[in-house]
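Observations on the model geometry
As a plain string of letters, each chain reads:
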Amino acid sequence: MTTTPLTVAVLGPGGVGGLIGALLARAGHRVVCLAGESTAAVLRRDGLHVESARFGEFTVAVEADTLLRQPVDALFVTVKQTALESALDRVPAGVLGGAAVVPLLNGLDHLAVLRGRRPATRVVAGTIRVEATRTAPGRIRHGSPFADVQLAGPADDLAEALRGAGLGATLRSDETSMLWEKLAFLAPFALLTTRYRTDAGTVRSDLRPELVAVVEEITGVARAAGTAVTAEDVLAFFDRSPHAMKSSMQRDAEAGRPLELDAIGGAVLRAAAAHGIAAPATARLVADVAHGTGREV
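Note that the coordinates shown come from a computational prediction; the quantities given were computed from them, not determined experimentally.

**Things to note about the overall build of the protein chain**
- If you tally the helices and strands in the protein chain, you get 13 helices and 10 strands.
- Computed over C-alpha atoms, the radius of gyration of the protein chain comes to 18 Å, within 12% of the 19 Å expected from 2.2 N^0.38 for 297 residues, which places it in the range of a compact globule.
- Projected onto the principal axes, the alpha-carbon positions of the protein chain cover approximately 50 × 35 × 30 Å.
- In the protein chain, of all internal contacts separated by at least 6 residues, the share reaching a separation of at least 24 is 69%.
- Accessible area of the protein chain: about 12100 Å², with a carbon and sulfur share of 50%.
- Positive and negative charge centroids in the protein chain, built from 31 and 32 side chains respectively, lie 3 Å apart.

Here it is in structure tokens:
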């Protein structure tokens, strides 16, 4: 762990942001959660409470506010893509200082948004593989055996802090490959679990042919984008995932919340069109989810 504690802001302390914030706070770092007034009030009073087979069950105190009011060392952006533009109003550009801005959002397009509104050189592309859900304000359930962050950029101190908090943290030199490796798994996982209202285990067994077709389409787009992502690697990760794992898109659909369909499925289809690649199985799933035609297997 770093010898000097960091000051870290978390914009959107939901499942992902809440887990990262809680683990960093438990490891001795100063954590400031940025959220709406009602959520901020709960966090100031009760802190963050985590239930996790990997990290245990614990509660830790954090600071919370509706606006960033002091410079920080790093800002984790962990809101949903659908809320990104409005959430950034909680982070005045003049206050942020020289902080590293680390978005852990799904898809590809959020980086252009952030680099258009904040100093582009400060935005460090990141991904996270985890199943973590906010069950109530300040209460986080971590359901996957993994919680691994990847950062594409000069972020050694931040990676060290994440490792010291118990998270996996890897530094990458190729931003494009890092983002597509995540999306190539996430897109089929999110689209299929949402479309068929089921879990990862059922998708990889009962829906195997459709899973393979979608993964092959998306990895084909990923390779056209200049990466070495393969269908075999994505399917192998899928097969290692917990049987009962659900996607965040599926949980949003069940709760009637806005879906990150454009950020995930739309990003794949836009890239496919840009490279002249047909992706009919993916396009069909996106259309079905958009029209609410999901059904149970």
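**What to know about the sheet that holds strand β1 (residues 7-11)**
- Here five strands make up an open sheet; going across it, the order is β5-β2-β1-β6-β7 and the pairing parallel. For this open sheet the edge positions go to β5 (63-65) and β7 (100-103), each flanked by a neighbour on one side alone. Here the strands of the sheet are splayed against their neighbours by 20° on average, with no regard to which way each runs.
- With five bridges joining them, β1 and strand β2 (residues 30-34) adopt parallel strand pairing. Among the inter-strand pairings, Val10 is bridged to a residue of β2, identified as Cys33.

**Observations concerning the side chain of Thr198**
- Position of Thr198 relative to the elements: it lies in the loop between α7 (175-196) and α8 (200-206).
- Side chain to side chain, Thr198 and Thr202 meet in a polar contact 3.3 Å long.

**With respect to the pairing of strand β3 (residues 48-52)**
- Along β3, four of the five residues are buried, which leaves the element largely enclosed by surrounding structure.
- Here five bridges tie β3 to strand β4 (residues 56-60), and the two strands are oriented antiparallel to one another. Across the sheet, the residue bridging to Val50 is Phe58, located in β4.
- In this structure, the hairpin formed by β3 and β4 is closed by a connection of three residues.
- Pairing geometry for β3 and strand β9 (residues 139-152), over four bridges, is parallel. Note on β9: the bridge partner recorded for Glu51 is Arg141.

Each value, and the rule that gives it
- Residues numbered from 1 in each chain as written.
- Predicted model: local features only at pLDDT ≥ 70, side-chain atom pairs only at ≥ 80, totals over all residues.
- Heavy atoms only, no water.
- Helix = DSSP H or I, 4+ residues; strand = E, 2+ residues; numbered from the N terminus.
- Rg over C-alpha atoms; globule rule 2.2 N^0.38 Å.
- Contact = heavy atoms within 4.5 Å.
- Areas by Shrake-Rupley, 256 points an atom, 1.4 Å probe, with all protein chains shown as cover.
- Lys, Arg positive; Asp, Glu negative; His and termini not counted.
- Charge placed at Lys NZ, Arg CZ, Asp CG, Glu CD.
- Pairing = 2+ DSSP bridges.
- Axes fitted to C-alpha atoms, helices over the stretch in contact; angles between N-to-C directions.
- Polar contact = N/O pair within 3.5 Å; in protein donor to acceptor, adjacent residues only side chain to side chain.
- Buried < 20%, exposed > 50% of the residue type's maximum accessible area, 1.4 Å probe, protein only.

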